[in-house]
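# Secondary and tertiary structure notes
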Amino acid sequence: MKRGAGYSQIWVKVAISSGILLGLVLLVQTIATYFFVYDKIVRDEAAREVERKEAALLRSAVTAKVTDVHQFGPLLSELQRESPKQVAWIRIFSMSSGVIAAVGEPVVALPTPDQLKQQLQMHQSRREMVKSPAGNILVVDSRLRFFGRPGEFPPPPPPREGDAMFSEIAIYVDGVTVNFSALRQNLIVGCLAALALLVSMVLIGLLFSRYIQARQLEQQLELARRVQTDLLPAAQSTKTSENLEFAAAFLPAATVGGDFYDIFTVEDAPISIVLGDVSGKGISAALLVGVLHGAIRSMRWTRSAVDQEEATRWLNRFLCEKTAREKFVSLFWAYFLPETGMLQYVNAGHLPPLLVRAYGGGPTVERLETGGPVLGLLPLAQYCSGVTQVDAGDVLVVFSDGVAEAANANDEEFGESRIAEIVRRNIARSPQEICDAIVQEMKHFLGAMKAHDDQTLLVVRLVPARSMKGETEPSESVSLVS
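Anyway, here's the lowdown on the structure attached to this text. Keep in mind it's a predicted model, so treat the numbers as computed, not measured.

### Looking at unusual backbone geometry
The phi dihedral of Lys65 is positive, around 55°, even though this residue is not glycine. Within the fold, Lys65 resides in the loop between helix H1 (2-63) and helix H2 (73-82). Phi is positive for Asp411, which is not a glycine, with a value near 60°. Along the chain, the position of Asp411 falls in the loop between helix H8 (401-404) and helix H9 (416-425). Here Asp411 falls in the exposed class, since its relative accessible area comes to 65%.

Okay, here's the thing in structure tokens:
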């Protein structure tokens with residue numbers, strides 16, 4: 001299992017690394033494409049736009065039968081008016097005479113005669129990208145070749161090199177990029193997608209180790225839950241002897257809980273009944289539950305009331321010394337003597353269990369309150385033992401505050417009185433049926449509300465030995481409950 005999990009982690013890390021590499025490649029490629037579009041394609045498109053403007057200028061000259069470049073002023077103005085967002089300026093000039101016609105406000109000087117001669121020798125146009133407050137401008141200088149239409153008027157004679165005519169057309173690059181808005185949008189979306197993939201993969205890689213730790217912790221918590229459940233007696237109705245039948249419900253609010261219960265007999269000792277509630281819930285409460293469970297099982301506290309009182313005081317001092325002050329424990333523990341029918345108990349700050357008597361003018365309820373404060377807060381606290389008589393048919397119900405204090409949507413608590421009433425109605429039924437009835441009514445009472453505390457319920461029917469010998473009448477109850 002561990003080797004398989006290790007291989008899975010390796011493959012996940014490989015996938016994350018591949019995703020990071022792919023995101024990086026896509027991001028670099030998209031950014032490179034974006035700059036290629038603007039550095040190459042847009043510039044080429046601006047150059048083609050210059051050629052179109054120059055061709056339009058010549059067509060307008062031919063149409064207007066303008067053969068003298070000194071008359072190009074109106075044509076230049078008309079061309080700029082047609083494309084105000086594209087044309088920055090246009091100049092017509094020669095090597096010897098300088099500017100002949102112009103429109104717009106140039107931001108660069110004319111080429112020098114040497115530059116123009118080199119341009120003529122190479123038969124190439126000159127391109128230059130300049131910056132202006134209005135944006136980037138592509139300036140193209142090219143030789144102006146003007147020919148009239150055949151048959152309309154004769155073409156002018158070819159000029160000498162010193163009289164060569166040039167046109168300078170400056171185009172706003174932003175005016176050309178409108179044609180590439182869809183492509184630009186796609187490139188921006190692709191760039192954002194690649195960046196999102198890269199960031200996602202990096203975050204997954206950074207959080208993967210935490211995820212693995214969380215999964216391991218979750219598995220450990222599940223194992224702790226199983227261990228805690230295995231320490232508890234069977235929750236289903238169990239008849240451990242002729243003198244005892246019980247059922248339990250254990251519903252932790254978290255994976256592991258702070259409630260615990262136990263019913264056991266050590267050698268020839270009486271039947272022991274325990275239910276406790278550690279403050280809080282989760283791992284810290286579960287660890288303290290394990291300590292208490294082992295301590296209660298190991299101590300000799302069922303030999304007499306004095307031994308039980310002394311054991312309670314020892315548990316209290318132990319918890320005061322070994323745990324933080326915010327950790328305390330409420331505990332009800334008792335032992336039952338089948339020969340006499342006596343139930344000896346100490347209630348250390350726990351909700352009073354209910355002993356519901358089946359006889360004596362109808363089911364009546366006795367609250368088992370005798371004991372002392374919760375364990376773990378007051379090092380010098382004293383505890384006293386209580387005793388009560390159990391008769392045939394009586395039912396003992398022990399529960400944690402998560403049951404009695406469970407609140408519905410109206411902030412109304414389930415309450416001790418509801419528990420007692422359910423037991424009264426079902427007093428003749430088995431402990432399992434009584435336990436199920438309490439749990440079902442509690443869930444119905446809560447409705448959609450989730451329990452915020454551990455819920456533990458223990459229903460016990462204790463049978464005195466005399467009732468097994470044919471004594472059906474209950475004996476007079478003996479109780480030291482204050």
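### Comments concerning the environment of Gly386
With respect to the element layout, Gly386 can be found in strand S15 (residues 386-389). Gly386 sits 77 residues away from Glu309 along the chain, and the two C-alpha atoms are 9.9 Å apart. Leave out the neighbours within four places in its chain, and Gly386 touches Leu343, Gln344, Tyr345 and Thr370.

### Considerations on the packing of aromatic side chains
For the structure shown, the criterion picks out 6 aromatic pairs. Seen from their ring centres, Trp301 and Tyr335 are 6.2 Å apart, and the 70° between their planes marks the pair as edge-to-face. On the criterion of sequence distance, the pair formed by Trp301 in the loop between helix H6 (283-298) and helix H7 (305-322) and Tyr335 in strand S10 (residues 329-337) is long-range, its members being 34 residues apart. For the residue pair Trp301 and Tyr335, the accessibility class agrees, reading buried in each case. What links up through ring pairs into an aromatic cluster is the set Trp301, Trp333 and Tyr335.

Conventions and cut-offs
Here, residues in each chain are numbered from 1, in the same order as that chain's written sequence. In keeping with the predicted nature of the model, local features appear solely for residues at pLDDT of at least 70, side-chain atom pairs appear and are counted solely at 80 or more, and the whole-chain, interface and lining totals rest on all residues. As a convention, hydrogens and water are excluded, and side-chain values are obtained from all of the structure's heavy atoms. Only DSSP runs of H or I with at least four residues qualify as helices, and only runs of E with at least two residues qualify as strands; both kinds are numbered from the N terminus onward. Residue burial is assigned from relative accessible area. The probe radius is 1.4 Å, only protein chains are included, and a residue is buried under 20% of its type maximum, exposed over 50%, and partly exposed in between. Every residue pair with non-hydrogen atoms within 4.5 Å of one another is taken to be in contact. Only Phe, Tyr and Trp rings are paired, with Trp represented by its six-membered ring, and only when their centres lie within 6.5 Å; those with planes under 30 degrees apart are stacked, over 60 edge-to-face, the remainder tilted.

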